[in-house]
Amino acid sequence: MPSETICKTIHQYNKEPVNASDMQKLLEIARDYKKVKNYIYTRFGGIASLSKLYPGYTVQNEMTGSRFRETLGMPSVYFYLAIFDALGDIKCQWTRTKTKILKLLNQNREFSEDDKHYLRFLLKVNKVFEAVLNKKAVQLPITLQKQYENVSAQVDTERLNRYLCRQVRKYHIKLHTERTDGFCIAERAYRYADHGIYISIKEKRKRVFVPLTDNNQYKSQLYVKLFPEEQKIEIKVPINVTVHDHRDYQNHVGVAVGVYTMLTTDTGKHYGKDLGKYQIEYADWIREQTVRYNKNRNENPGRKKYYAKKRRLEDQLHSYINQELNRFLKEEKPQVIYIVKLPKPRAGGVNKRINHCMAQWQRGYIRKRIQQKCKEQAVAIVEVLGKDISNECSECGQIGKKERGKFVCLKCGYQDEEKVNTARNVKKRGQGDGALNPKGCFQQRGF
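Residues numbered from 1 in each chain as written. Predicted model: local features only at pLDDT ≥ 70, side-chain atom pairs only at ≥ 80, totals over all residues. Heavy atoms only, no water.

Enquirer: Would you mind showing me how to read the environment of L329 here?
Expert: By the secondary structure assignment, L329 is in helix 10 (residues 304-332). Once the C-alpha coordinates of L329 and I370 are considered, the two residues, 41 residues apart in sequence, prove to be 9.8 Å apart. (Helix = DSSP H or I, 4+ residues; strand = E, 2+ residues; numbered from the N terminus.)

Enquirer: Would you explain the sheet that holds strand 9 (residues 263-265) in this entry?
Expert: Strand pairs in the sheet, formed through backbone hydrogen bonds, run parallel or antiparallel to each other. Reading across the sheet, the five strands line up as 10-9-8-11-12 and stay open at both edges, with mixed pairing between neighbours. Unpaired on one side and paired on the other, strand 10 (270-271) and strand 12 (380-384) mark the two borders of the sheet. Two strands pair when backbone bridges link them, and strand 11 (residues 334-340) and strand 12 are joined in this way by five bridges, in the parallel orientation. Bridge assignment links V340 to a residue of strand 12, and that residue is V384. (Pairing = 2+ DSSP bridges.)

Enquirer: Can you help me understand the environment of G73 in this one?
Expert: Mapped onto the fold, G73 is located in the loop between helix 3 (68-72) and helix 4 (76-107). Given a relative accessible area of 39%, G73 falls into the partly exposed group. When the C-alpha atoms of G73 and I29 are compared, they prove to be 9.9 Å apart, with 44 residues separating the residues in sequence. (Buried < 20%, exposed > 50% of the residue type's maximum accessible area, 1.4 Å probe, protein only.)

Enquirer: Looking at this structure, how should I read the side chain of S394?
Expert: Note that S394 resides in the loop between strand 12 and strand 13 (401-403). S394 gets classed as buried once you look at its relative accessible area, which sits at 4%. Polar side-chain contacts of S394 include one of 2.9 Å to the side chain of N421. Contact partners of S394, with chain neighbours within four places excluded, come to Y414, N421, R424, N425 and K428. (Polar contact = N/O pair within 3.5 Å; in protein donor to acceptor, adjacent residues only side chain to side chain. Contact = heavy atoms within 4.5 Å.)

Enquirer: Would you take a moment to explain the pattern of salt bridges for this structure?
Expert: Should the charged atoms of two oppositely charged side chains come close, the side chains can pair. Applying the stated criterion across every chain, the model contains 26 salt bridges. Residues E230 and R311 are paired through a salt bridge, measuring 2.5 Å at the closest nitrogen-oxygen approach. Linking E230 in the loop between strand 6 (222-227) and strand 7 (232-242) with R311 in helix 10, this pair joins segments that are 81 residues apart in sequence. Residue E230 is classed as buried on the basis of its relative accessible area, which comes to 19%. Between R327 and E324 there is a salt bridge whose closest N-O contact spans 2.8 Å. Placement of both R327 and E324 in helix 10 is noted, with a separation of three residues, approximately one turn of the helix. The structure contains a network of salt bridges with shared partners spanning K37, D85 and D89. (Salt bridge = Lys/Arg side-chain N within 4 Å of Asp/Glu carboxyl O.)

Enquirer: Honestly, the packing of helix 6 (residues 126-133) against helix 8 (residues 157-171) in this entry has me stumped. Any pointers?
Expert: The relative placement of two packed helices is expressed as an angle between their axes plus a distance between the axes. At a minimum axis distance of 10 Å, the contact between helix 6 and helix 8 shows a crossing angle of 90 degrees. With respect to helix 8, the axis of helix 6 lies roughly perpendicular. Along its contact with helix 6, which presents F129, V132 and L133, the element helix 8 presents N161, L164, C165 and V168. Its residues assigned to classes, the contact of helix 6 with helix 8 comprises six nonpolar, one polar and no charged. (Axes fitted to C-alpha atoms, helices over the stretch in contact; angles between N-to-C directions. Parallel < 35°, antiparallel > 145°, perpendicular 65-115°, else oblique. Nonpolar A, V, L, I, M, F, W, Y, C, P; charged D, E, K, R; others polar.)

Enquirer: Before we go on, may I ask you to explain the side chain of Q377 in this structure?
Expert: With respect to the secondary-structure elements, Q377 resides in the loop between helix 12 (363-376) and strand 12. Residue contacts for Q377: discarding those within four places in its chain leaves H244, H246 and L329.

Enquirer: It is not clear to me how empty space enclosed by the protein should be interpreted in this structure. Could you clarify?
Expert: Rolled over the atoms, a probe with the dimensions of a water molecule shows which regions are left empty. For the coordinates displayed, the defined rule picks out two cavities of 30 Å³ or more. One number sums up the size of the largest cavity: a volume of about 70 Å³. Around the largest cavity sit V255, L263, L325, F328, L329, I337, I339, I370, K373 and C374, which together line it. Residue assignment for the lining of the largest cavity shows that the elements contributing at least two residues are helix 10, strand 11 and helix 12. Considering only residue class, the lining of the largest cavity consists of nine nonpolar, no polar and one charged. Roughly 30 Å³ of internal volume is contained in the second largest cavity. (1 Å grid on protein atoms, 1.4 Å probe; cavity = no way out; pocket = protein on both sides within 12 Å on 5 of 7 lines; lining within 4 Å. Points joined across faces, edges and corners; volume = space filled by probe spheres on them.)

Listed below in structure tokens is the structure:
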């Protein structure tokens, strides 16, 4: 039986500064890539093109016949990748639109259950959705046609169809991009050799050579991100890695996530105790630079040094987060991790410095790295409901009080560190009725 694999992104970097001439040649590809994507967004992002999105070869054939590639002088290997990249974005945007409409539909009290059932059917079946928006007759295979007739028999289809069209007009957005800092590249447009990579450009039989910091070679579609001001490039490589199933990982661990200490377990162990130091340094520097920039905005000061140092601070912070997550998995050996759903950053407060630090909290990055590392190590994540989880006593379940990082229960007398008490509650809820997704592995839903 083959081992389970997951997709992981590897990053490669240039070893030496990319000279201005070569960078301009790469930027030409990125600019043309943007033009193709915007053309696709404009021409195929509306309701009239819904029937052309799947599987997408209709759009590819139309673009071939449009002679747009010849107008740009763009190599076909980049041209068609830009087309399918844009089509993927359009499909995602339609998914977001449908999700928004479905959410509003579920909250609407004016519709009956039959009305909601009909509208859900429209949102689920693409052919019906496209036909209603374009005011066409619904034609489906026999089985689906019977289902459509059943769900539409007891409702006012004209009224509900108008409602759907109004919501699509209101919430669907036609995409547009101004980004010219990267492009996708297929395997036949690059070649690894001489401790670097040769990348095809618009000139026939010409390639730009970029020496790399490593000698790894891959055969897959890559994404090349450009940093012209810093004379750098970053190559993102998606690869499949084997999931490591550790037989000695048998523990069930409850954790509390914090801004100053990244993870606290139900047994009182701490991981990422210096996160607050890195976080405050990063947030204070950004705040200081933002104030300075706003004061001198009319003088148009450069931002090259700002972005370079910002990236260095972020890399330092992310490196520390990954290091501590690796240590957590190695020492705790968890089979299941119970974790509370991370709260969204809240506005308000009396301390501007703390507010700014909270705004810069790397909660999204921590979330993604926990998910990725747990998938790689075959560790299940169970998310739990977080209401009053830090205020309850983990011994008796009564509401206690928190003082200077300590939790005190006035009923049973239990005392412990605030985060340890929270982690114990997380574990109790995860093993009881508080789990958001109590079955299966990798249970991160809405994390």
